[in-house]
Amino acid sequence: MPEKILEMKNLVKTYRMGDEEQVVLKGIDLEINRGDFLSVLGPSGSGKSTLMNIIGCLDVPTSGSYYLSGERIEDLPETVLSHIRNREIGFIFQQFQLLPRLSAQKNVELPLIYAGVPEKERQLRSADILKRVGLAEKMKNRPNQLSGGQQQRVAIARALVTEPTILLADEPTGALDQQTGHQIMELFKELYQEGKTIVMITHDADVAKNGSRIVRIVDGNLSEGVYNA
Amino acid sequence: MLKESIKMALENIISNKMRSFLTMLGIIIGVGSVIALITIVSGATSTVTDQVASMGANTVTIQVQGTPLKHGLTQGDVNKIAELSNIEGIAPTISGQTTVAFDGNSMDEISLQGKNDVYFENTEDVISAGRIINPIDTENKSRVALIGNDIANELYVGENPIGQEIKIGGITYQVIGILQESDSFAQANTNKAVMIPYTTAMGVVGAKYINSLTVYVADEAQADTTTRQIEGVLTKAFNGDDDGYSIVNMQSILETIEEMTSILSMMLGGIASISLVVGGIGIMNMMLVSVTERTSEIGLRKALGAEPKQIQLQFLIESVVLCLIGGIIGFGLGVILAWVVANLIGTSFALTASTVLLAIGFSAVIGVVFGFMPARKASRLNPIDALRSI
């Protein structure tokens with residue numbers, strides 16, 4: 001019996017634009033089990049960014065329900081949401097979002113600081129995880145001394161270091177050339193083989209094919225199992 | 001977390017060297033001028049009060065002008081003052097003009113001063129050679145005299161005047177000592193003066209009245225009360241007329257000087273702290289720019305699990321660190337400036353622990369006050385908007 005770690009039921013998100021109410025997500029039903037590699041495929045303006053923000057607990061649904069690790073995510077205080085993000089989610093962004101002043105290792109240590117991990121342990125854990133993504137030699141380098149692919153590996157290491165429930169990637173290959181993008185996808189597949197749960201948001205059907213499951217989001221509606229975008 | 005925040009703050013300040021320095025300049029000037037002014041004024045104050053205190057902080061001086069009916073104080077009036085409580089000693093002065101002569105040579109327009117032992121006990125460096133007038137001289141109305149430096153040089157050429165005779169106003173005295181040479185421009189020039197026991201002046205020379213009195217009080221804190229009691233005795237002595245004398249309480253002069261300089265110091269410090277406020281506004285401006293520039297960093301930190309209050313603390317620490325660095329530099333410059341000025345105008349230079357604490361405390365408070373708004377703005381950024389602003 002697969003372990004259900006994420007469940008959305010009839011999830012609706014609306015935004016108020018002046019007088020007009022815009023419905024971005026129109027009743028999403030989604031379940032994710034531990035060990036899934038889910039690709040969310042959709043064109044821009046489809047609501048996939050909003051879905052990502054809600055999965056990542058950066059935003060909360062207007063109606064419907066969202067359970068993450070058995071906990072209902074709703075309009076909770078910002079402090080509580082930040083703890084949930086720190087514990088449950090490992091973000092990977094299109095533009096890597098590394099802090100330019102910090103070394104690769106220090107960047108990876110950031111979420112551990114907010115988790116209250118002591119310095120010694122932070123160093124050990126960040127070094128271990130950077131070795132895992134193949135950057136043992138580059139730990140002391142700053143982001144501008146690294147290639148795009150290497151920077152995204154640092155970002156992946158940063159997402160992995162807290163051992164979150166879900167790795168949440170937003171167009172992880174969007175800023176990379178095809179070959180480097182391919183290498184990053186190979187790393188994602190390896191992580192999937194190791195049993196990590198991955199949710200990847202993309203507009204690129206070829207990239208989406210790397211997932212074990214694909215859902216398609218169009219105009220705020222989600223449909224499962226459509227492979228030909 | 002705190003250590004990390006301080007580290008990050010320093011890194012950010014160093015990575016924007018020029019901007020950080022220009023921002024700090026306001027704090028540097030502000031703290032520097034406050035510290036310099038306070039130190040200079042307090043140095044000048046202590047110099048002035050030391051000078052006043054060296055004249056005797058425990059003294060009450062009485063100048064007697066007299067009334068048409070009574071031209072001065074009598075020994076009886078002095079004895080009444082001596083009976084008051086809190087009196088340590090009374091030094092009366094009788095002053096007049098006389099001539100001196102020795103061995104056929106004479107000098108005119110010599111100031112004659114009748115004094116007692118109390119005066120000499122409470123005044124430093126009166127004589128340069130010989131001995132002072134002692135209680136026995138006063139008691140016995142002895143014919144002994146201390147002579148001024150000019151008299152010693154002119155009348156006793158090549159001789160030691162001590163032990164020799166001198167004629168003062170035609171009466172023969174024995175010279176027991178020579179007065180300290182005084183600066184020729186000094187107000188109380190005693191180069192052409194002779195001092196004899198005041199009892200001798202009254203009994204032998206025939207002076208009727210005492211012209212001035214210095215009263216030494218035992219407890220300075222009670223000086224005001226004692227002064228009022230003395231005034232009572234004096235007013236009675238002149239039959240209720242209080243125009244016959246003037247009385248000055250040194251302790252109250254000291255207090256007045258201290259009060260005035262502390263008001264001056266506060267006023268100058270207050271004016272200088274306006275520049276601190278301007279500096280603080282500069283800090284706030286830079287912090288606001290910094291928050292805007294680092295919007296995506298703030299968004300990222302929030303996505304990674306930073307609580308709003310952790311973001312707020314980070315920016316607040318950055319502003320406090322910036323102000324503290326500025327405060328320390330400003331403190332150093334202020335102290336140097338105060339030292340230079342103190343040396344130029346010749347006042348004392350003293351750095352108190354409270355000045356150091358004031359400088360550091362002030363800059364930290366400015367950091368908190370003017371960093372609060374930008375830090376709160378940072379902590380309230382919506383992470384989604386913040387992440388989008390790449």
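These remarks concern the structure in this document. (Residues numbered from 1 in each chain as written. Chains lettered and ligands numbered in written order. Predicted model: local features only at pLDDT ≥ 70, side-chain atom pairs only at ≥ 80, totals over all residues. Heavy atoms only, no water.)

## Points about the overall build of chain B
Thinking step 1. When helices and strands are tallied, chain B shows 13 helices and 10 strands.
Thinking step 2. Relative to a compact globule of 390 residues, whose C-alpha radius of gyration would be 21 Å, chain B shows 34 Å and is clearly more extended.
Thinking step 3. Oriented by its inertia axes, the alpha-carbon framework of chain B measures out at about 110 × 50 × 30 Å.
Thinking step 4. Among the 390 residues that make up chain B, the fraction classed as buried is 48%.
Thinking step 5. Considering only contacts in chain B between residues 6 or more positions apart, those separated by 24 or more positions represent 79%.
Thinking step 6. Of the accessible surface of chain B, which amounts to about 18,700 Å², a share of 59% is contributed by carbon and sulfur atoms.
Thinking step 7. The centroid of the 23 positive side-chain charges in chain B is displaced by 18 Å from the centroid of its 36 negative side-chain charges. (Helix = DSSP H or I, 4+ residues; strand = E, 2+ residues; numbered from the N terminus. Rg over C-alpha atoms; globule rule 2.2 N^0.38 Å. Buried < 20%, exposed > 50% of the residue type's maximum accessible area, 1.4 Å probe, protein only. Contact = heavy atoms within 4.5 Å. Areas by Shrake-Rupley, 256 points an atom, 1.4 Å probe, with all protein chains shown as cover. Lys, Arg positive; Asp, Glu negative; His and termini not counted. Charge placed at Lys NZ, Arg CZ, Asp CG, Glu CD.)

## Quick look at the overall build of chain A
Thinking step 1. Summing up its helical and strand segments, chain A has 7 helices and 10 strands in all.
Thinking step 2. In terms of its C-alpha atoms, chain A occupies a principal-axis envelope of roughly 50 × 45 × 40 Å.
Thinking step 3. In chain A, which comprises 229 residues, the proportion classed as buried is 54%.
Thinking step 4. At a minimum sequence separation of 6, the contacts of chain A that also span at least 24 residues come to 69%.
Thinking step 5. Accessible surface computed for chain A: about 10,300 Å², of which carbon and sulfur atoms make up 45%.
Thinking step 6. Of note, chain A has its 27 positive side-chain charges centred 6 Å away from the centre of its 30 negative side-chain charges.

## As for a negative patch on the surface
All names here are of chain B.
Thinking step 1. A cluster of like negative charges, contributed by Asp224, Glu255, Glu258 and Glu259, occupies part of the molecular surface.
Thinking step 2. Sort the elements by how many residues they give to the negative patch and helix H9 (residues 250–293) lands first, with 3 residues.
Thinking step 3. For Glu259, the location among the structural elements is in helix H9.
Thinking step 4. Among the residues examined, Glu259 registers a relative accessible area of 54% and is labelled exposed. (Patch = residues over 30% accessible without salt bridge, like charges linked within 9 Å, V, L, I, M, F, W, Y side chains within 5 Å. Salt bridge = Lys/Arg side-chain N within 4 Å of Asp/Glu carboxyl O.)

## Details of the side chain of B:Thr227
Residue and element names in this part refer to chain B.
Thinking step 1. Assignment of secondary structure puts Thr227 in helix H8 (residues 223–237).
Thinking step 2. Under the relative-accessibility criterion, Thr227 is labelled buried at 8%.
Thinking step 3. Each residue touching Thr227, except ones within four places of it in the same chain, is listed here: Val60, Ile247 and Asn249.

## Brief notes about the interface of chain B and chain A
Thinking step 1. On the chain A side, the residues contacting the 25 residues of chain B number 24 residues.
Thinking step 2. Around 2,300 Å² of area is buried between chain B and chain A when both sides are counted, 59% of it from carbon and sulfur atoms.
Thinking step 3. The largest per-residue losses of area from chain B upon contact with chain A belong to B:Leu300, B:Leu304 and B:Ile384, which jointly make up 25% of the total buried on that side.
Thinking step 4. Across the contact surface, chain B and chain A share 2 salt bridges.
Thinking step 5. Taking the shortest distance from any N to any O, the salt bridge between A:Glu119 and B:Lys3 comes out at 2.7 Å.
Thinking step 6. If you look at where chain B meets chain A, you find 6 residue pairs in polar contact (both at pLDDT 80 or more).
Thinking step 7. Of all elements in the fold, only helix H1 (2–15), helix H10 (295–303), helix H11 (308–345) and helix H13 (383–388) of chain B reach the threshold of two or more residues within the side of chain B that touches chain A. (Buried area = accessible area lost by both parts, 1.4 Å probe. Polar contact = N/O pair within 3.5 Å; in protein donor to acceptor, adjacent residues only side chain to side chain.)

## What to know about the packing of aromatic side chains
Thinking step 1. Under the definition given, this model contains 6 aromatic pairs over all chains.
Thinking step 2. Summarising the aromatic geometry, the rings of A:Phe37 and A:Tyr192 are spaced 5.9 Å apart at their centres and angled 55 degrees between planes, so their arrangement reads as tilted. Here A:Phe37 is found in strand S3 (residues 37–41), whereas its partner A:Tyr192 is found in helix H6 (residues 178–193), with 155 residues between them in sequence.
Thinking step 3. For A:Phe37, a relative accessible area of 0% translates into the label buried.
Thinking step 4. When the ring of B:Phe238 is compared with that of B:Tyr245, the centres are 6.3 Å apart and the planes differ by 15 degrees; the resulting orientation is stacked. As far as burial versus exposure is concerned, B:Phe238 and B:Tyr245 are alike and both buried.
Thinking step 5. Of the aromatic side chains, those joined through ring pairs into one cluster are A:Phe37, A:Phe188 and A:Tyr192.
Thinking step 6. The positively charged end of B:Lys70 is found above the aromatic ring belonging to B:Phe238, 5.5 Å away from the centroid. (Phe/Tyr/Trp six-rings, centres within 6.5 Å; stacked < 30°, edge-to-face > 60°. Lys NZ or Arg CZ within 6 Å of the ring centre and 35° of its normal.)

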